[in-house]
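Listed below, chain by chain, are the residues.
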Amino acid sequence: MSTVKSTNTTTIEYDDKSVRWFLVASVIWALVGLGAGVLIASQLNFWRMNFNMEWLTFGRLRPLHTNAAIFAFVGNMMFAGIYYSTQRLCRCRTASDLLSKIHFWGWQGIIVLAAITLPLGYSRGKEYAELIWPINILVAVIWLVFAANFFWTLAKRNEKSLYVALWFYIATIVTVTMLYVVNHLSLPTSFTHSYPIFGGVQDALVQWWYGHNAVAFFLTTPILGIMYYFVPKAANRPVYSYRLSVIHFWSLVFIYIWAGPHHLLNTALPGWLQTLGMLFSLMLWAPSWGGMLNGLLTLRGAWDKLRTDPVIKFFAAGVTFYGMATFEGPLLSIKSVNALSHYTDWTIGHVHGGTLGWNGFMAAGMFYWLAPRLWNTKLYSQNLANMHFWLGMVGILLYVAAMWVSGITQGLMLNGTVDQGTLLAYPNFLDTLQAIRPMMLFRVIGGGLYLIGFFMMAYNLWKTAKGGQPVNGTVEVESAMKEMTGSATKFRGYLNPPVVYSVLILGSAAVMIFGQGVAFLAGIFFTGVFTLAAISHFEFSGAKWSEWYDQLLEHGLTFTVLTVIAAAIGGMVQIIPTVTMQRAENIEGHLQIPYTSLELTGRDIYVSEGCYNCHSQMIRTMTPDILRYGDYSRLGESIYDHPFQWGSKRTGPDLAREGGDIQSGAELMRIGKRSNDWHYLHLMDPRQVSDGSNMPNYPWLIAKDAKTGTLMSKINAMRMLGVPYDIGLSEEEVMAEYNLQANEIVADLAESGVFVEPNKQIVALIAYLQKLGAFEDNTKVPKQDKPDTSLPFESVATATPANH
């Protein structure tokens, strides 16, 4: 390889203006996100704080809180840290100032759009993926702008090798791209509405593959990269163990992606997926704690700074919270523990231990370290920063402890039985709600203290910036670095032994995993052969592992491709078999009856109001769940649900068996566990029929018309997704069916003294609630009588009456 080398140097000025912008944006959005969190926590204890206003209810604001905390606060913090550290690790300015500006303003624009649309009720109904499809596209475009700018910067770097932090940034960018695109595949019905292409169990699996790994690759891996850069800088010490960081990175990237199904334990999800999710979650203990120890031990020799330096305090506490959260996570994924913790506040406490402790404290430490350097001055007040630390620490501990007590109390009460397990100890769900009210109040206090600490930080940073001047860092580099010449030589650089063996082994493993028959056997054979060849080559060549790995780190593209493969394997093994299975063969005897046009409209209103934030529609296979809610849910009962509504929290009871059969004498109106007027009163003022309920009032449901302008588009979209609506239905027939069912419900309400117009939202919502759990019992149909078609379902017009 011929090279050209110059001894001249040139000064490169970093783009720290973008870093300042992202830092300021992160602080502002943190105050918004944390403030929204305190408000909705208050609403759980004091229902009047919903203010009887539709855009301020818990169901609509909870997605705003989670999106603001994840994508606005942590997202901007992550970008600030990545832009700052990447330039210095690559010893070059960010590749394009224009792309940096597009990235910054595009991301803030997305956040503003989210802050407008979510309170207005525009939602996809999937946790952390609620944004409507046009905003999803904007997110994807801006994320790709960020990716292009980052990888372009890597390509023009003046450093030969990729430092540890860059590995985690690479994993973040490529994996979030994959997760986001797959989970947001939707079929639009209008500019503001769409249906996910996956339904039922498929949608549940894809959603939690995304949801769990959004935590992994948006809230964890980029912050780990920031840890590997900023903790050594703050402590003025090298990373404790380079080898440990290698093991930490690859094991984390490979294992994390498998763990999503632990969000669906004891549900209708196939058992092999539940087992895989639990096992890989348990395996996460090792790499997570390896990373935590690497971060904490980097502080060796600098522990004395804990007494005086608030930056080190925040970093040490943040890394410790990472260790606590990653110990608790696998613990909660054990099936028997999950039976107690799932659907309770224990999970909420776990999530906030990570978000407030790991993300929040790492952000504060990084901001306090960055601000003096970005504005060329000293931190305005060390004492104020120390006060922020202790206030935040007390707030977190109060919050998490309250949620642990609340969750375990709630779980024990909901699962408690008497008379040898034949009766529930606390049959009234509201008894469990009243029992945890004191803990919910402590949550508000803890969250409030944490929020006050962030206001103190904002003031401290503002005064710091005001007392200094914005400056950009510089670095001296050789004006002409070593340049490889000749395309053949450049190509040969990628054909080194570690890259070749990695590709061959991974390719063979992929054939083994996804192949059948001869292909499967060939995959096993060649995986073994290539692995033995790699070991033999390694042993006999006298090479060292570190030398092999160093070669890989010189090639950013190859490193990125291997990262993608490592991250994608787990998702492919779990999702491909699930989404390609014949749904009609996986219904466990219960085949969901499709929603009528009125019920479908009601379901969209249910999703829009965010009811899934409090109510699940999945009765687990556990005895207490069955005693409380009815027969456990089968796979086929949600086969046409786009999106699924299995839920992840039960602030209210499960609704899977709420619906019932068609009322005698009616053509379409159903009556389930409760009458139509009960649902009406419950939505107008839940306290009238459920004493002690913390559910908001929904007075606008009797004032607003249900939207029917796009109803035909919705039915056509559902039909394209495999829901067996009659292909010959005209718009007039659809509306006739809609009006018939609405008028039946209105007439039934009138008999109880409740008068409402048939075109109002509350009528559609009642229709949906009365339909929940309706299915056709295929176990009672003789096999030879089943229709032999590619879509073996009856049309909605001829479906048999529901069982539930």
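You'll find the structure just up there.
Here the structure is a predicted model, which means the values were calculated and not measured.

Caption draft 1: Layout of the packing of aromatic side chains. Tallying each qualifying case throughout the model produces 56 aromatic pairs. Considering the side-chain rings of Phe79 and Phe146, the 4.9 Å spacing of their centres and the 70 degrees angle between planes classify their relative orientation as edge-to-face. Linking Phe79 in helix α2 (residues 58-90) with Phe146 in helix α4 (residues 133-155), this pair joins segments that are 67 residues apart in sequence. For the pair formed by Phe79 and Phe146, the shared burial category is buried. Between Trp167 and Tyr549, the ring centres sit 5.5 Å apart and the planes meet at 80 degrees, which makes this aromatic pair edge-to-face. A residue pair is termed long-range when its members are at least 10 positions apart, and Trp167 in helix α5 (residues 164-183) and Tyr549 in helix α20 (residues 545-553) qualify at 382 residues. Comparing Trp167 with Tyr549, the two get one shared label, buried.

Caption draft 2: Geometry of the pairing of strand β2 (residues 186-190). Of the pairings in the sheet, the one linking β2 to strand β3 (residues 193-196) comprises four bridges and is antiparallel in character. Residue Ser186 lies in a different strand from β3, and its bridge partner there is Pro196. The antiparallel pairing of β2 with β3 creates a hairpin that spans two residues between the two strands.

Caption draft 3: Representation of the environment of Leu414 within the structure. Tracing the chain through its elements places Leu414 in helix α14 (residues 382-415). A sequence separation of 338 residues divides Leu414 from Asn76, and the C-alpha atoms of the two residues are 40 Å apart. Other than its neighbours up to four places away in sequence, Leu414 contacts Leu424, Phe429, Thr432, Pro624 and Arg628.

Caption draft 4: Spatial organisation of a nonpolar patch on the surface. On the surface, Met324, Trp404, Val405, Ile408 and Leu412 cluster together into a nonpolar patch covering about 430 Å² of accessible area. In terms of residues, the nonpolar patch owes the most to one element, α14, which gives four residues. Relative to the helices and strands, Leu412 resides in helix α14. With a relative accessible area of 53%, Leu412 lands in the exposed category.

Caption draft 5: How the structure looks around α20. Trp548, Tyr549, Leu552 and Leu553 are the residues of α20 that are buried. For α20, the buried positions fall inside an angular range of 140 degrees around the axis, keeping them on one side.

Caption draft 6: Region of interest: the side chain of Asn386. Of note, Asn386 is situated in helix α14. Judged by its relative accessible area of 14%, Asn386 falls in the buried class. Apart from residues lying up to four places away in sequence, Asn386 is in contact with Thr308, Pro310 and Lys313.

Caption draft 7: Structural detail: the environment of Gly395. Along the polypeptide, Gly395 turns up in helix α14. When its relative accessible area of 1% is taken as the criterion, Gly395 is described as buried. Residues Gly395 and Lys760, 365 residues apart in the sequence, show an inter-C-alpha distance of 44 Å. Among all residues touching Gly395, those that are not within four sequence positions of it are Gly446, Leu449 and Tyr450.

Caption draft 8: Local environment of unusual backbone geometry. Omega for the peptide link from His642 to Pro643 comes to 5 degrees, which places this bond in the cis form. Here Pro643 shows up in the loop between α23 (623-629) and β8 (661-662). Positive phi outside glycine occurs at Asn236, with the angle close to 60 degrees. Mapped onto the elements, Asn236 comes out in the loop between α7 (221-235) and α8 (242-256).

Caption draft 9: Here's a closer look at the packing of α2 against α7. Two elements in contact, α2 and α7, have axes whose closest approach is 10 Å; the angle formed by their N-to-C orientations is 45 degrees. Comparing the axis directions of α2 and α7 gives the class oblique. For α2 against α7, the interelement crossing comes out left-handed. Note on element contacts: α7 touches α2 through Pro222, Ile223, Ile226, Tyr229 and Phe230, opposite Val74, Met77, Met78, Gly81, Tyr84, Ser85, Arg88 and Leu89.

Caption draft 10: Region of interest: the environment of Ser616. Position of Ser616 among the secondary structure elements: in the loop between α22 (597-608) and α23. When its relative accessible area of 0% is taken as the criterion, Ser616 is described as buried. Separated by 79 residues in the primary sequence, Ser616 and His537 have C-alpha atoms spaced 55 Å apart. Those residues in contact with Ser616 that lie beyond four places of it in its chain are Tyr343, Gln645, Trp646, Gly647, Lys649, Arg650, Pro653, Asp654, Leu655 and Ala656. Within the structure, Ser616 has its side chain in polar contact with the side chain of Asp654 (distance 2.5 Å).

Caption draft 11: The arrangement of the pattern of salt bridges in detail. A full pass over the atoms with the stated rule returns 21 salt bridges. Measuring nitrogen to oxygen at the nearest pair gives 3.4 Å for the salt bridge that ties Glu159 to Arg91. Placement of Glu159 in the loop between α4 and α5 and of Arg91 in the loop between α2 and α3 (97-117) is noted, with a sequence separation of 68 residues between them. Of the charged contacts in the structure, one is a salt bridge between Lys649 and Asp345, with a shortest N-O distance of 3.5 Å. With Lys649 in the loop between α23 and β8 and Asp345 in helix α13 (residues 345-374), the pair connects residues that are 304 residues apart, well separated along the chain. Lys649 gets classed as buried once you look at its relative accessible area, which sits at 9%. Through salt bridges with shared partners, a single network forms among Glu54, Arg60, Glu609 and Lys704.

Caption draft 12: Broad picture of the state of the cysteines. Across all of its chains, the model carries zero disulfides by this definition. The closest cysteine sulfur to the non-disulfide-bonded Cys90 is located on Cys92, 5.0 Å from its own sulfur. The structure places no disulfide on Cys611, whose sulfur is separated from the nearest cysteine sulfur, that of Cys614, by 8.2 Å. Exposure remark for Cys611: the relative accessible area of 15% places this residue in the buried category.

Caption draft 13: Examining helix α25 (residues 711-720) more closely. Of all 10 residues in α25, seven are buried, a share of seventy percent or more. Taken as a whole, α25 has its buried residues at Leu711, Met712, Lys714, Ile715, Ala717, Met718 and Arg719.

Caption draft 14: Molecular detail of the side chain of His342. Within the secondary structure, His342 is located in the loop between α12 (335-341) and α13. Apart from the residues within four sequence positions on either side, His342 is in contact with His263, Thr347, Arg620 and Ser648.

Caption draft 15: Summary view of the packing of α2 against α13. Between α2 and α13, the shortest axis-to-axis distance is 10 Å and the interhelical angle comes to 40 degrees. Classified by the angle their axes make, α2 and α13 are oblique. Crossing of α2 over α13 shows left-handed handedness. Contacts from His65, Phe73, Val74, Met77, Ala80, Gly81 and Tyr84 in α2 reach His352, Asn359, Gly360, Met362, Ala363, Met366, Phe367, Trp369, Leu370, Arg373 and Leu374 in α13. When its residues are assigned to classes, the contact of α2 with α13 shows 12 nonpolar, five polar and one charged.

Scoring rules and cut-offs
- Residues numbered from 1 in each chain as written.
- Predicted model: local features only at pLDDT ≥ 70, side-chain atom pairs only at ≥ 80, totals over all residues.
- Heavy atoms only, no water.
- Phe/Tyr/Trp six-rings, centres within 6.5 Å; stacked < 30°, edge-to-face > 60°.
- Helix = DSSP H or I, 4+ residues; strand = E, 2+ residues; numbered from the N terminus.
- Buried < 20%, exposed > 50% of the residue type's maximum accessible area, 1.4 Å probe, protein only.
- Pairing = 2+ DSSP bridges.
- Contact = heavy atoms within 4.5 Å.
- Patch = residues over 30% accessible without salt bridge, like charges linked within 9 Å, V, L, I, M, F, W, Y side chains within 5 Å.
- Areas by Shrake-Rupley, 256 points an atom, 1.4 Å probe, with all protein chains shown as cover.
- Salt bridge = Lys/Arg side-chain N within 4 Å of Asp/Glu carboxyl O.
- Arc of directions from axis to C-beta.
- Axes fitted to C-alpha atoms, helices over the stretch in contact; angles between N-to-C directions.
- Parallel < 35°, antiparallel > 145°, perpendicular 65-115°, else oblique.
- Left-handed = near helix turned anticlockwise from the far one by under 90°.
- Polar contact = N/O pair within 3.5 Å; in protein donor to acceptor, adjacent residues only side chain to side chain.
- Disulfide = S-S within 2.5 Å.
- Nonpolar A, V, L, I, M, F, W, Y, C, P; charged D, E, K, R; others polar.

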